[in-house]
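Listed below, chain by chain, are the residues.
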Amino acid sequence: QKEVEQDPGPLSVPEGAIVSLNCTYSNSAFQYFMWYRQYSRKGPELLMYTYSSGNKEDGRFTAQVDKSSKYISLFIRDSQPSDSATYLCAMMNYGGSQGNLIFGKGTKLSVKP
Amino acid sequence: EPEVTQTPSHQVTQMGQEVILRCVPISNHLYFYWYRQILGQKVEFLVSFYNNEISEKSEIFDDQFSVERPDGSNFTLKIRSTKLEDSAMYFCASSNTGADTQYFGPGTRLTVL
């Protein structure tokens, strides 16, 4: 079983739609969960950072973490064409040493005007 | 807004040659990382660096790889004898604490011929 699983898509939605992206993971020691956005041939850009279970909202973006199910989600409300990118989930177990991020493969999102 | 910078943006080299990829992390950050992303694949952790020494490395980071912080601002990744399979995007990242958000640079695209 892969450590982090993410449906690669592609996912195509009309402008204004609500987008739901998600990842599952197998390592129950993960404590820190992030979502990054990556445009083609660019570096990952941090969108959301969450510690442990719960919800976090930032503008049109909401991140949810359910540690009991080992499942994380990113919701994008009122999606815009500029949201078209690849969305990467990443997670980390920080246990007294520097944590390295384990990434999902990324979901490619296209928002059509 | 402070950002991680990387040079060069694209490096082409012949198999067997040495390359040095350079990064300038965010100035008050203490933890530094290198990741790579082979085209179409996941972002993978290579190495983390803190207090002038490697704190963690992946199995990818073999004897052909080395990292250095030669001065107060630069962080470098050296590949001694490049192989075709080293062709990838290489991302530098930095964070303020080991459990904090990692901010990524724009990447260096390495092409080994």
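This text goes with the structure placed above it.
Calculation criteria
- Residues numbered from 1 in each chain as written.
- Chains lettered and ligands numbered in written order.
- Predicted model: local features only at pLDDT ≥ 70, side-chain atom pairs only at ≥ 80, totals over all residues.
- Heavy atoms only, no water.
- Helix = DSSP H or I, 4+ residues; strand = E, 2+ residues; numbered from the N terminus.
- Rg over C-alpha atoms; globule rule 2.2 N^0.38 Å.
- Buried < 20%, exposed > 50% of the residue type's maximum accessible area, 1.4 Å probe, protein only.
- Contact = heavy atoms within 4.5 Å.
- Buried area = accessible area lost by both parts, 1.4 Å probe.
- Salt bridge = Lys/Arg side-chain N within 4 Å of Asp/Glu carboxyl O.
- Polar contact = N/O pair within 3.5 Å; in protein donor to acceptor, adjacent residues only side chain to side chain.
- Disulfide = S-S within 2.5 Å.
- Phe/Tyr/Trp six-rings, centres within 6.5 Å; stacked < 30°, edge-to-face > 60°.

Even after reading the chapter, I still don't get the overall build of chain B, so can you show me in this structure?
Counting its secondary structure elements, chain B contains 0 helices and 11 strands. Traced from its N-terminal end to its C-terminal end, chain B shows the element sequence β-β-β-β-β-β-β-β-β-β-β. Computed over its C-alpha atoms, the radius of gyration of chain B comes to 13 Å, within 12% of the 13 Å expected for a compact globule of 113 residues. The principal-axis extent of the C-alpha atoms belonging to chain B is close to 35 × 30 × 25 Å. A total of 113 residues make up chain B; the buried ones form 47% of that total. Restricting the contact set of chain B to residue pairs at least 6 apart, pairs at least 24 apart contribute 54%.

I'm lost on the interface of chain B and chain A in this one. Help?
One frequent convention defines the size of an interface as the accessible area lost when the parts assemble. At the junction of the two partners, chain B supplies 26 residues and chain A supplies 21 residues. With both sides pooled, the region where chain B packs onto chain A buries about 1,900 Å², and carbon together with sulfur makes up 55% of that total. Of all residues in chain B, the largest losses of buried area upon contact with chain A belong to Lys42(B), Ala99(B) and Phe104(B), amounting jointly to 27% of the total for that side. Our count for the chain B to chain A interface comes out at 0 salt bridges. Our enumeration of links across chain B and chain A arrives at 5 residue pairs in polar contact (both at pLDDT 80 or more).

Which parts of the structure should I look at to understand the state of the cysteines?
By definition, a disulfide is the covalent link that joins the sulfur atoms of two cysteine residues. Residues and elements named next belong to chain A. Scanning the model with the defined rule gives 2 disulfides over all chains in all. With a sulfur-sulfur separation of 2.0 Å, Cys 23 is cross-linked through a disulfide to Cys 89. In this structure, the disulfide formed by Cys 23 and Cys 89 twists by about -100° around the S-S bond and is classed as left-handed. In this pair, Cys 23 sits in strand β3 (residues 19-25) while Cys 89 sits in strand β9 (residues 85-92), placing the two residues 66 residues apart along the sequence. Comparing Cys 23 with Cys 89, the two get one shared label, buried.

I tried to follow the packing of aromatic side chains on my own but got confused; where do I start?
Each pair of aromatic rings is reported with the distance of its centres and the angle of its planes. All names here are of chain B. Overall, the coordinates contain 17 aromatic pairs over all chains when judged by the stated rule. Judged by centre distance (5.3 Å) and plane angle (40°), the rings of Phe 49 and Phe 75 are tilted. Separated by 26 residues along the polypeptide, Phe 49 in strand β5 (residues 43-50) and Phe 75 in strand β8 (residues 75-79) bring together distant segments of the chain. Comparing Phe 49 with Phe 75 shows no difference in burial state: the two are buried. Seen from their ring centres, Phe 91 and Phe 104 are 6.4 Å apart, and the 75° between their planes marks the pair as edge-to-face. Of this pair, Phe 91 sits in strand β9 (residues 88-95) while Phe 104 sits in strand β10 (residues 103-104), and the two are 13 residues apart along the sequence. The pair formed by Phe 91 and Phe 104 is uniform in burial state, with each residue classed as buried.

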